[in-house]
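Descriptive analysis of the structure
These are the residues of each chain, in order.
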Amino acid sequence: MTISNETLMAYADGELDAAAREAVESAMREDPQIEKCLSQHRALRERVQAAYSAELSEGIPQRLLTAAKGVASPRESKVVNLQDARAAIGRTAPRPLRPQWRTAATIAASVIVGVGLGFFMWGRTESPLMRTADGALVARGQLARVLSYQLAAEQSPSSAVQIGLSFLAKSGEYCRTFALSGAVSPSGLACRHGTEWQVQALTQAPDTGGHSEYRTAGSAMSAIFLKSIEGLIAGEPLDQAGEKAARQRGWLSTDHELQRIAP
Amino acid sequence: MNTSETSQIVHEQIVTLLPRLRRYARNFTRNRHDADDVVQIAVERALTRLDQWRSDARLDSWLFKIVRNVWIDELRSRGRRNKIFLAAEAGDNIGSDSMAGEADLLSVQSAMARLPGDQREAVSLVLVEGLPYKEAAEVLDVPIGTLTSRLARGREALQAMLETEGDTR
């Protein structure tokens, strides 16, 4: 008798009733191939389980514990233009309690924070991914490498630096959005300035108990970025071919492009 | 048992489920911070709807389903915005000319990331989270036959990817 692959899979997953199990087992005695398939299913199941087991022992953020206990907690993230942020250092933005994810008004109220200050707290004095040069934040290390070489479509989801969107700005510079993973996790926008990537904006999560926690821009922050990008962008975001061509030219815009975006 | 005792127990159970909820959410948000946002919203939502949870149902499946719905709502509301910070589905790019020298051993995670979303969900619920087929089908709101065929295809694809990447088994 033949046993379908789905039946074998169900057997490996413990989904068969006694009669069906019996049938698989007797077929297995006659055909060693079936046993081989079955052990393949089991090995895959174990391998997948093992690959994801480490995540279970990670520490749980306090805000989730608080949520599970049924106590509403403040949660907001901020997107900051660095110039505004520098001007605002020393000022504290009011933090709304229980903001809604998608309420633009709430987000707007929380935009100004001293990210410049926060940034340097985050990296103590300097970060391996950014440095200051003449008052500007410049990408370096892995961030600079990824910005210069990585095509968005080809990146590995496990890379610490993720590229979002690449586009030509009205200024004639190429810009790319990025997200950094890890415990402290800003996202931002960097534009090619000469041979460097200047970080134009970074996102910052709220100050939680004295530690600035950066986070990737999802949800609310994307909205703000979208807005600022819509103000900057000339035309449409680059597709894969566009990114590739720009990368090949070292992220220098062509005369043709400059003419196109000229007012 | 009175209501407040029940709710106390549920709160405690939710706390113990948090690691799994985060892990599950990461599978589709592809971003841990989004995942935590999704889990937080889902937990808050669940707690306001405890009356909708049938106590004979598994709490984990019920929460997985809420987590998933929160993410679906979020994606809808993001529309094109998600293009900004989320990388293109890696699954769309299989076979594209990827950079030479990046022939690293494909990890289970990156193989998972290349699966089409519906297969990844099935694999994630059954193989990673260990849900029975019936529960997984309920979370995904699909008939059990659909679940098993997605699972079978997902497994096959995973097997193929992990084998071709130098798995010696």
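Up top is the structure these notes are about.
Residues numbered from 1 in each chain as written. Chains lettered and ligands numbered in written order. Predicted model: local features only at pLDDT ≥ 70, side-chain atom pairs only at ≥ 80, totals over all residues. Heavy atoms only, no water.

**Looking at the nonpolar core**
Cut-off, in case you're wondering: For the purposes of this section, nonpolar cores are sets of buried Ala, Val, Leu, Ile, Met, Phe, Trp, Tyr and Cys residues that join through side-chain atoms within 4.5 Å. Each residue gets one of three labels from its accessible area relative to the maximum for its type: buried under 20%, exposed over 50%, partly exposed in between, using a 1.4 Å probe on protein chains only. The contact rule is simple, with two residues in contact once any of their heavy atoms fall within 4.5 Å.
With 68 residues, the main nonpolar core has B:L21, B:V43 and B:L147 as its most contacted residues. Excluding residues within four positions of it along the chain, B:L21 makes contact with B:V39, B:V43, B:L63, B:F64 and B:V67. By size, the runner-up hydrophobic cluster in this structure holds 23 residues, among which are A:M130, A:L137, A:L168 and A:W251.

**As for the environment of A:S57**
Residue and element names in this part refer to chain A. Here is the rule: By definition, any uninterrupted DSSP run of H or I lasting at least four residues is a helix, any uninterrupted run of E lasting at least two residues is a strand, and each is numbered from the N terminus. Polar contact is defined as a pair of N or O atoms within 3.5 Å, subject to the rule that within protein one atom must be able to donate a hydrogen and the other to accept it, and that residues adjacent in sequence are counted only when both atoms are side-chain atoms.
Mapping S57 onto the fold places it in the loop between α3 (32–53) and α4 (62–68). Take S57: its relative accessible area is 63%, and that puts it in the exposed class. A polar contact is formed between the side chain of S57 and the backbone oxygen of A54, at a distance of 2.9 Å.

**Comments concerning the pattern of salt bridges**
Any two side chains of opposite charge can pair if their charged atoms end up close together. Quick note on the threshold: Salt bridge, as used here, is a side-chain nitrogen of Lys or Arg placed within 4 Å of a carboxyl oxygen of Asp or Glu.
Evaluation of the coordinates by the stated rule reveals 19 salt bridges over all chains. Between A:E58 and B:R22 there is a salt bridge; the shortest N-O distance is 3.8 Å. Taken together, the residues span two chains, with A:E58 in the loop between α3 and α4 and B:R22 in helix α1 (residues 3–29). According to the relative accessible area criterion, A:E58 is partly exposed, its value standing at 26%. In this structure, a network of salt bridges that share partners links the residues A:E55, A:E58, B:R22, B:R26, B:R32 and B:D36.

**Quick notes on the packing of aromatic side chains**
Residues and elements named next belong to chain A. Rule in force here: Any two rings among Phe, Tyr and Trp, with Trp reduced to its six-membered ring, count as a pair given centres within 6.5 Å; such a pair is stacked if its planes are under 30 degrees apart, edge-to-face if over 60, and tilted if neither.
Applying the stated criterion across every chain, the model contains six aromatic pairs over all chains. Ring centres of W197 and W251 lie 5.3 Å apart, and the angle between their planes is 70°; this geometry places the pair in the edge-to-face category. Here W197, found in strand β7 (residues 196–204), pairs with W251, found in the loop between α10 (240–248) and α11 (255–261); they are 54 residues apart in sequence, far enough to count as distant. Judged by relative accessible area, which is 4%, W251 ranks as buried.

**With respect to the state of the cysteines**
Residue and element names in this part refer to chain A. The following threshold applies: Disulfide: a pair of cysteine sulfur atoms within 2.5 Å of each other.
This structure, assessed with the given rule, holds one disulfide over all chains. Here C175 connects covalently by a disulfide to C191, the sulfurs 1.9 Å from one another. Judged by the sign of its S-S torsion, about 105°, the cystine formed by C175 and C191 is right-handed. Residue C175 is found in strand β5 (residues 174–180), and its partner C191 is found in strand β6 (residues 187–193); the two are separated by 16 residues along the sequence. By relative accessible area, C191 is classed as buried at 4%.

Everything listed is a geometric property; what it means functionally is a separate question.
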